[in-house]
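# Observations on the model geometry
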Amino acid sequence: MSGKKEETSFSILRIYDEPEERRYEPESSGVSSQAGHHAQSQLDGVYGTPQWPPGSPAQHGPVYQEMSSLTPQQWALQALDRSELQASWFSEGEPREEAEFGSSSLPGFEFGQPCPSPPPSEEVWSFLRAIPPIADEVVVRQRTPRASWKVGKLCHGKKVCAIAISSLTHHVYTCGHGYIRVWDESALHTWNKAPQAQLNFQDHHNCVLTCKLFSDEQNLITGGVSRTLTLWDLAPTPRIRAHLASTGPICYSLAISSSAQICLACFKGFVEIWDLQNQILIRKHEVPEYGSRCVDITGNKFWTGGEDTSLYSWDLRSYQKLQQYSLHHEILSISHDPSEEWMLVGLRTSDIIILHAHRKEAFKAVVHKYVHHHNLKFSSCGSYFVTTLDESIHCLSAPSLQRLFQEEESTEILCCDVSSDNQYLVTGSKNCATVYQLLF
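Conventions adopted
- Residues numbered from 1 in each chain as written.
- Predicted model: local features only at pLDDT ≥ 70, side-chain atom pairs only at ≥ 80, totals over all residues.
- Heavy atoms only, no water.
- Helix = DSSP H or I, 4+ residues; strand = E, 2+ residues; numbered from the N terminus.
- Buried < 20%, exposed > 50% of the residue type's maximum accessible area, 1.4 Å probe, protein only.
- Contact = heavy atoms within 4.5 Å.
- Areas by Shrake-Rupley, 256 points an atom, 1.4 Å probe, with all protein chains shown as cover.
- Salt bridge = Lys/Arg side-chain N within 4 Å of Asp/Glu carboxyl O.
- Pairing = 2+ DSSP bridges.
- Axes fitted to C-alpha atoms, helices over the stretch in contact; angles between N-to-C directions.
- Polar contact = N/O pair within 3.5 Å; in protein donor to acceptor, adjacent residues only side chain to side chain.
- Phe/Tyr/Trp six-rings, centres within 6.5 Å; stacked < 30°, edge-to-face > 60°.
- Lys NZ or Arg CZ within 6 Å of the ring centre and 35° of its normal.

## Structural notes on the overall build of the chain
- Of regular secondary structure, the chain possesses 4 helices and 31 strands.
- Residues counted as buried form 53% of the 440 residues belonging to the chain.
- Within the chain, counting contacts between residues at least 6 apart in sequence, those at least 24 apart form 47% of the total.
- If you sum the accessible surface of the chain, you get close to 20,100 Å²; carbon and sulfur atoms cover 51% of it.

And the structure:
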């Protein structure tokens, strides 16, 4: 894969409120609406949703409502028995090297055209009938919240620049200028309760701009206006484990690998790569000066972006630049889904770019609203994510982009976090944090 700059072409996805609404719009650059359907089918495939043929009448009628509630085995049996599903649709193949993002083709067939397949043999039917049925109570279905309920406020006293929720310790950590405040679960349902603890910095001029929980939720790392990154042990009570001496004055963003062994700290013009286990700086990696506001990590890749409107992917082993995506607008946030297959990129225009981490697929959810702050946070279950746009909160299902709920606050939202048990959403703003309970 080359590290040269690539002009990115997107399939357009539309955020919608009702399941029956059309979600796709043709892209002005010439990608057909069929490509939008193809985009959704590939996103659905990642999350295990049956991939319906584009435009199939089964998508809109009672058959679809019935089929969507079936177990995979029941779905397979009924799908094989329906004439409209006798065609095989190309959706999983790799795009050709010369293909643009969001489009692919099968040699010998025009994209979107069905490929004839023979009906299932009696042997196949016998095999499927022999599979024992699965009881409904043991089928795990991903849940999405249907609404939120504002249940409390955490009075931090100063601007809340970063937030972490640990479901393991049952605490919320609000970070900002001079200190971190610790709130127990009883404070989440009140409006004026005092914090359980306040962790004061030695240098009162220090300010935490970013924080990341480890995967075990027992440790936290913070960075910001300081010459150090700070490792915290959260249980049984919060305490500093170590200070990591950084080489830059301001850390804008942090990312931790799923194994919690590698930490990336983003500074202006470079990224520090840390071995957290041994607390050793592995490398100071140079990146474009104005492309280093945000950082994230997926597998053996890491991603950076910022004011220069380009998203960069880098190899974590060779440190070579893999790709550069021209997005034409300033990048304010980068996040990935739990599978580390899909990247979300929040732009200054409120648009959300959805990129596959390994395949040449790129989609855009268009909002077109200029914002100062754009945060993205995926749920731990992967079935929904939260995006905050200045004073607005939008919770969207993944991968359908259906709006599950929307909230408005009186001041700009600077940060947010969703608890790993999917019970709470907490947002940080001017001098407090607002707590929402998610309702399913």
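Next comes the rest of the write-up.
## A few points about the pattern of salt bridges
- Counted under the stated rule, the structure contains 10 salt bridges.
- Across the pair K268 and E289 runs a salt bridge, and its minimum N-O distance is 3.7 Å. Of this pair, K268 sits in the loop between strand 14 (262-267) and strand 15 (270-275) while E289 sits in the loop between strand 16 (280-286) and strand 17 (294-298), and the two are 21 residues apart along the sequence.
- The partly exposed category is assigned to E289, whose relative accessible area is 44%.
- Across the pair R293 and E330 runs a salt bridge, and its minimum N-O distance is 2.3 Å. With R293 in the loop between strand 16 and strand 17 and E330 in the loop between strand 20 (321-326) and strand 21 (331-336), the pair connects residues that are 37 residues apart, well separated along the chain.
- Using a relative accessible area of 17% as the deciding quantity, one classes E330 as buried.
- A cluster of three or more residues bridged by salt bridges with shared partners is formed by R293, E307, E330 and R348.

## Thoughts on the sheet that holds strand 27 (residues 392-397)
- Taken in spatial order, the 4 strands line up as 25-26-27-28 in an open sheet, and their pairing is antiparallel. For this open sheet the edge positions go to strand 25 (374-378) and strand 28 (403-408), each flanked by a neighbour on one side alone. Averaged over all neighbouring strand pairs, the angle between strand axes comes to 15°, with direction disregarded.
- Strand direction decides the pairing type here: strand 26 (residues 384-389) and strand 27, joined by 6 bridges, are antiparallel. When the sheet's bridge partners are listed, Y384 is paired in strand 27 with S397.

## Observations regarding the side chain of T222
- Secondary-structure assignment places T222 in strand 10 (residues 219-225).
- At 3.2 Å, the side chain of T222 and the side chain of W232 are in polar contact.
- In contact with T222, not counting residues within four places along its chain, are I180, V208, T210, C211, T228, L229, T230, W232 and L254.

## A look at the sheet that holds strand 6 (residues 171-176)
- Read across the sheet, 4 strands follow the order 5-6-7-8 without closing on themselves; strand pairing throughout is antiparallel. Only two strands of the sheet have a single partner each, and these edge strands are strand 5 (160-166) and strand 8 (197-200). On average, each strand axis in the sheet is inclined to that of its neighbour by 20°, with strand direction left out of account.
- As judged from the 4 bridges shared by strand 7 (residues 179-184) and strand 8, these two strands associate in the antiparallel manner. When the bridges of strand 8 are listed, V182 appears paired with A197.

## A closer look at unusual backbone geometry
- Here the amide bond leading from A235 into P236 is cis, since omega sits at 0°, within 30 degrees of zero.
- With respect to the helices, strands and loops of the structure, P236 is situated in the loop between strand 11 (228-233) and strand 12 (239-245).
- Phi at N422 takes a positive value of approximately 60°, unusual for a residue other than glycine.
- N422 gets classed as buried once you look at its relative accessible area, which sits at 11%.

## Here's the deal with the packing of aromatic side chains
- Tallying each qualifying case throughout the model produces 6 aromatic pairs.
- Considering the side-chain rings of F302 and W314, the 6.2 Å spacing of their centres and the 15° angle between planes classify their relative orientation as stacked. Pair noted here: F302 is in strand 18 (residues 301-305) and W314 is in strand 19 (residues 310-315), with a separation of 12 residues, a long-range link.
- Given the relative accessible area of 7%, W314 is considered buried.
- Members of the aromatic cluster, each reached through a chain of ring pairs, are F302, Y312 and W314.
- Across the ring face of F440, the terminal group of R143 is positioned such that the distance to the ring centre comes to 4.1 Å.
- Taking NZ or CZ as reference, K284 lies 4.3 Å from the ring centre of F270, over its face.

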